[in-house]
Amino acid sequence: MKKSNAAIVVGIIFAVIIVLMIGIFAIFKGSSGGKTTESMLKHIKVTEADPVKAPISLDDNTLYDELPEIAKYPVAVQGSGKLDVEIFTSGEKAGKDNDSWLIDVAERFNRAGNEINGQSVSMTVRSVPSGTAADYIISGKYLPDIYTPSNTLFGEYAIVNGGNLELHTDRLVGNTAGILVKKGAYSDFNSVISAVQNGQLNMGYTNPQTSATGLNLLLTLLKDGQDNFTKFNQNIPYVAYTTQQMRDSASNGKLDAILTEYQTYINDENLKSVYDFIPFGMRHDNPAYICDKAGKTDDELAAIDMVIDYCLSDEMQKIATNKGFNANDDYKSDLAFTGAEVSQGLDSYKVYKDNGKDIIAVFVADCSGSMYGDPMNQLKESLSNGMQYINENNYVGLVSYSDNVQIEVPIAKFDMNQKSYFQGGINSLSANGSTASYDAVVVAMNMIEEAKKDHPDAKAMIFLLSDGYQNVGYSMNTIEPALKDSQIPVYTISYTSEADTEAMRKLSEINEAATINADSEDIVYKIKSLFNSQM
């Protein structure tokens with residue numbers, strides 16, 4: 001063979017080898033080959049910014065500012081009468097199928113041609129979570145005519161915090177809160193609580209700052225002393241941000257017991273076949289409050305009385321019974337809590353929910369080109385506002401990413417000094433480049449693992465703020481084994497309506513965290529609620 005031909009052959013072989021090596025590396029980085037955080041980190045380009053302080057203001061946004069416009073919660077039934085009575089209701093009364101009682105009531109009422117002094121009367125129904133509805137009323141941003149939460153807790157909380165409310169009737173329809181446990185395992189509330197406190201039962205409950213059922217459980221535990229709640233909560237795997245997250249965890253076998261209401265339980269054949277319902281706490285009898293009573297005319301007050309009387313009529317109560325309400329009336333409770341007790345309980349929850357354990361959290365901000373404009377502005381605004389709800393005893397860091405990953409602020413105790421650096425890191429964020437989401441998660445995991453060497457018992461979490469469209473770097477399959485081993489939950493927050501929510505959801509589900517889908521109208525309020533509950 002001539003030397004020139006040999007050289008060509010050698011060159012071709014060498015080129016093939018190079019291509020194969022590049023391909024193998026790409027496969028390694030994009031498949032499940034990376035098994036540890038340390039091994040994956042070697043293939044990620046990470047830079048460290050020089051932290052810069054920025055002035056912080058912890059009171060820029062009021063509750064009024066944080067809340068989205070009420071159109072974010074569209075009406076389920078729109079009335080058209082001269083005297084239209086608008087009702088804020090919890091979801092189990094204005095949803096679908098058996099959760100649609102107030103929708104059925106309103107549609108019948110609006111067809112009935114009711115009048116007062118020659119003026120037509122109608123009902124408008126708007127479904128708003130009990131805690132969020134209380135915030136609208138407290139802030140004065142939007143006032144319905146009637147507010148009907150699941151129980152009186154958020155109503156009394158709203159009143160003591162300046163909400164213009166007055167209790168009209170303590171029951172529209174009967175219901176109870178309860179714990180679902182595997183059939184035959186436990187017979188009463190105290191035995192379930194003791195089993196959780198002794199580490200014999202994995203139980204989940206919903207965030208008491210937004211859920212009337214979760215708030216009922218918190219206050220029921222606290223009535224027997226702070227130690228009773230602390231001992232209970234130290235054996236809770238996590239507090240679910242949403243009811244759906246809690247139910248998904250139960251269906252996946254991660255939880256042995258969950259919270260729900262009797263009306264939900266009795267209408268679900270799967271729940272009835274697997275679980276016993278053990279009632280607890282105060283009853284959920286769906287009280288009705290009048291908003292701004294003094295500001296209403298006599299005719300408007302008469303219209304409100306007419307609507308409530310219609311809800312309480314035999315015909316409407318029969319519909320409610322058919323939908324699972326009024327079905328557990330043999331359960332009696334003497335428990336009642338004032339608004340001051342509710343406020344004190346929520347303050348105690350914020351302070352003691354982690355039982356004195358440190359929290360280490362890394363915020364991972366997507367700065368890729370797809371976040372340019374409104375999404376990046378939302379991200380920066382929600383982080384700046386949300387930081388005021390993070391306890392100062394927590395340890396917090398900030399990471400940004402596009403093609404590569406940058407540590408904006410290393411993990412440190414979230415005192416005033418760290419808050420100033422954190423705000424400086426937020427101010428520096430800008431959108432450009434590709435989206436290496438899972439590379440950034442690996443870096444955050446490594447930061448937490450290093451921090452835990454000094455705080456081995458700390459509770460760790462990652463908050464990924466992104467539109468979800470990863471297109472370079474590691475895949476989710478690659479990082480999943482290491483993330484699962486770390487047991488670090490990744491809370492994902494989507495910042496655009498076009499976000500890859502399915503990928504975000506799957507990432508959060510690995511270690512039982514929540515995923516939040518929001519937009520420019522409600523992202524600030526949702527981030528505030530998430531940080532307030534978790535941090």
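Preceding this section is the structure that the text describes.
Residues numbered from 1 in each chain as written. Predicted model: local features only at pLDDT ≥ 70, side-chain atom pairs only at ≥ 80, totals over all residues. Heavy atoms only, no water.

Peer 1: Outline the sheet that holds strand S8 (residues 176-182), supporting the account with residue identities and numerical values.
Peer 2: One open sheet holds the three strands; their spatial order is S11-S8-S12, and the pairing between them is antiparallel. At either end of the open sheet lies a strand with only one pairing partner, and these are strand S11 (257-261) and strand S12 (275-283). Averaged over all neighbouring strand pairs, the angle between strand axes comes to 30°, with direction disregarded. Judged from the five bridges that link them, S8 and S11 form a sheet pairing that is antiparallel. Within S11, the position partnered with Ile179 by the bridge is Leu259. Contacts between helix H8 (residues 212-222) and the sheet are confined to S8, S11 and S12, with S12 contributing the most and set at about 70° to the helix. (Pairing = 2+ DSSP bridges. Helix = DSSP H or I, 4+ residues; strand = E, 2+ residues; numbered from the N terminus. Axes fitted to C-alpha atoms, helices over the stretch in contact; angles between N-to-C directions. Contact = heavy atoms within 4.5 Å.)

Peer 1: Explain the side chain of Ser130 to me, using residue names and the numbers behind them.
Peer 2: If you trace the backbone, Ser130 turns up in helix H5 (residues 130-139). When residues no more than four places from it in sequence are discounted, the contact partners of Ser130 are Ser90, Tyr147, Pro149, Ser150, Phe154 and Ala212.

Peer 1: Let's hear about the pattern of salt bridges: which residues, and what values?
Peer 2: In this structure the tally under the stated criterion is 18 salt bridges. The shortest N-O distance in the salt bridge between Lys323 and Asp104 comes to 3.2 Å. With Lys323 in the loop between helix H14 (314-322) and helix H15 (339-352) and Asp104 in helix H4 (residues 101-111), the pair connects residues that are 219 residues apart, well separated along the chain. Take Lys323 and Asp104: they sit in the same class, and that class is buried. In this structure, Asp329 engages Arg283 in a salt bridge whose closest nitrogen and oxygen atoms are separated by 3.1 Å. You can see Asp329 sitting in the loop between H14 and H15 and its partner Arg283 sitting in strand S12, a full 46 residues away along the chain. Via salt bridges that share partners, Arg171, Arg283, Asp285 and Asp329 belong to a single interconnected network. (Salt bridge = Lys/Arg side-chain N within 4 Å of Asp/Glu carboxyl O. Buried < 20%, exposed > 50% of the residue type's maximum accessible area, 1.4 Å probe, protein only.)

Peer 1: Describe in detail unusual backbone geometry, supporting the description with residues and values.
Peer 2: Here the phi dihedral of Asp97 falls at roughly 55°; this positive angle occurs in a residue that is not glycine. Along the chain, the position of Asp97 falls in the loop between strand S3 (83-89) and H4. Of note in the backbone geometry, Asn326 takes a positive phi value of approximately 55° without being a glycine. Tracing the sequence through the fold places Asn326 in the loop between H14 and H15.

Peer 1: I'd like a rundown of the pairing of strand S17 (residues 459-466), residues and numbers included.
Peer 2: The element S17 is extensively covered by neighbouring structure, given that seven of its eight residues are classed as buried. Sheet topology places strand S14 (residues 359-366) next to S17; seven bridges connect them, and they run parallel. Bridging across to S17, Val364 finds its partner in Leu464. Relative to strand S18 (residues 490-494), S17 runs parallel, the two being bridged by five bridges. The residue bridging Ser466 from the neighbouring strand is Ser494, located in S18.

Peer 1: Account for the packing of aromatic side chains, naming residues and giving values.
Peer 2: Scanning all chains against the criterion turns up 17 aromatic pairs. On the basis of an interplanar angle of 85° and a centroid distance of 6.4 Å, the ring pair of Phe154 and Tyr157 is categorised as edge-to-face. With Phe154 and Tyr157 both in helix H6 (residues 153-160) and three residues apart, this pair spans about one turn of that helix. Accessibility assignment for this pair places Phe154 and Tyr157 in one class, buried. One aromatic cluster is present, formed by Phe363, Phe414, Phe422, Phe463 and Tyr491 through successive ring pairs. The positively charged end of Lys141 is found above the aromatic ring belonging to Tyr64, 5.1 Å away from the centroid. (Phe/Tyr/Trp six-rings, centres within 6.5 Å; stacked < 30°, edge-to-face > 60°. Lys NZ or Arg CZ within 6 Å of the ring centre and 35° of its normal.)

Peer 1: Please provide a residue-by-residue account of the nonpolar core, values included.
Peer 2: Most often, soluble globular proteins keep nonpolar side chains buried together rather than apart. Counting 59 residues, the largest nonpolar core has Tyr147, Ile179, Met203, Tyr205, Leu217 and Phe232 as the members making the most contacts within it. In this view, Tyr147 contacts Phe88, Ser130, Ala133, Ala134, Ile137, Phe154, Gly155, Leu165, Pro287, Ala288, Tyr289 and Cys291; residues no more than four positions away in its chain are not counted. With 35 residues, the next largest nonpolar core counts Val443, Ile462, Tyr474 and Met476 among its residues. (Core = buried A, V, L, I, M, F, W, Y, C linked by side-chain atoms within 4.5 Å.)

Peer 1: Give me helix H19 (residues 476-486): which residues, what numbers.
Peer 2: Among the residues making up H19, those that are buried are Met476, Thr478, Ile479, Ala482 and Leu483. All buried residues of H19 project into a common sector of 140° when viewed along the axis, lining one side. The exposed residues of H19 that point more than 90 degrees off its buried face are Asn477 and Asp485. Once H19 finishes, Gln487 follows within two positions and takes phi at roughly 60°, a positive value. (Arc of directions from axis to C-beta.)

Peer 1: Any chance you could break down the sheet that holds strand S16 (residues 405-413) for me, citing the residues and the numbers?
Peer 2: Spatially, the seven strands line up as an open sheet ordered S1-S16-S15-S14-S17-S18-S19, and their pairing is mixed. For this open sheet the edge positions go to strand S1 (46-48) and strand S19 (515-517), each flanked by a neighbour on one side alone. Here the strands of the sheet are splayed against their neighbours by 20° on average, with no regard to which way each runs. Relative to S16, S1 runs parallel, the two sharing three bridges. Within S16, the position partnered with Glu48 by the bridge is Ile407. Against the sheet, helix H18 (residues 437-451) makes contact with S1, S14, strand S15 (395-401), S16 and S17, and its axis sits at roughly 25° relative to S16, the strand it touches most.

Peer 1: Please set out helix H13 (residues 298-311) residue by residue, giving values where relevant.
Peer 2: Because each turn of an α-helix spans 3.6 residues, side chains separated by three or four positions in sequence point in the same direction. Counted at 1.5 Å a residue, the expected span for H13 with its 14 residues is 20 Å, and the 20 Å between its end C-alpha atoms agrees. The complete set of buried residues in H13 reads Leu301, Ala303, Ile304, Val307, Ile308, Tyr310 and Cys311. (Expected span 1.5 Å × (residues − 1).)

Peer 1: So what's going on with the environment of Val399? Which residues, and what values?
Peer 2: As for its placement among the helices and strands, Val399 is situated in strand S15. Judged by its relative accessible area of 0%, Val399 falls in the buried class. Taking the C-alpha atoms as reference, Val399 lies 9.8 Å from Met447; in sequence the two are 48 residues apart. Those residues in contact with Val399 that sit more than four places away from it in its chain are Val362, Phe363, Val364, Ala365, Val405, Gln406, Ile407, Glu408, Ala440 and Met447.

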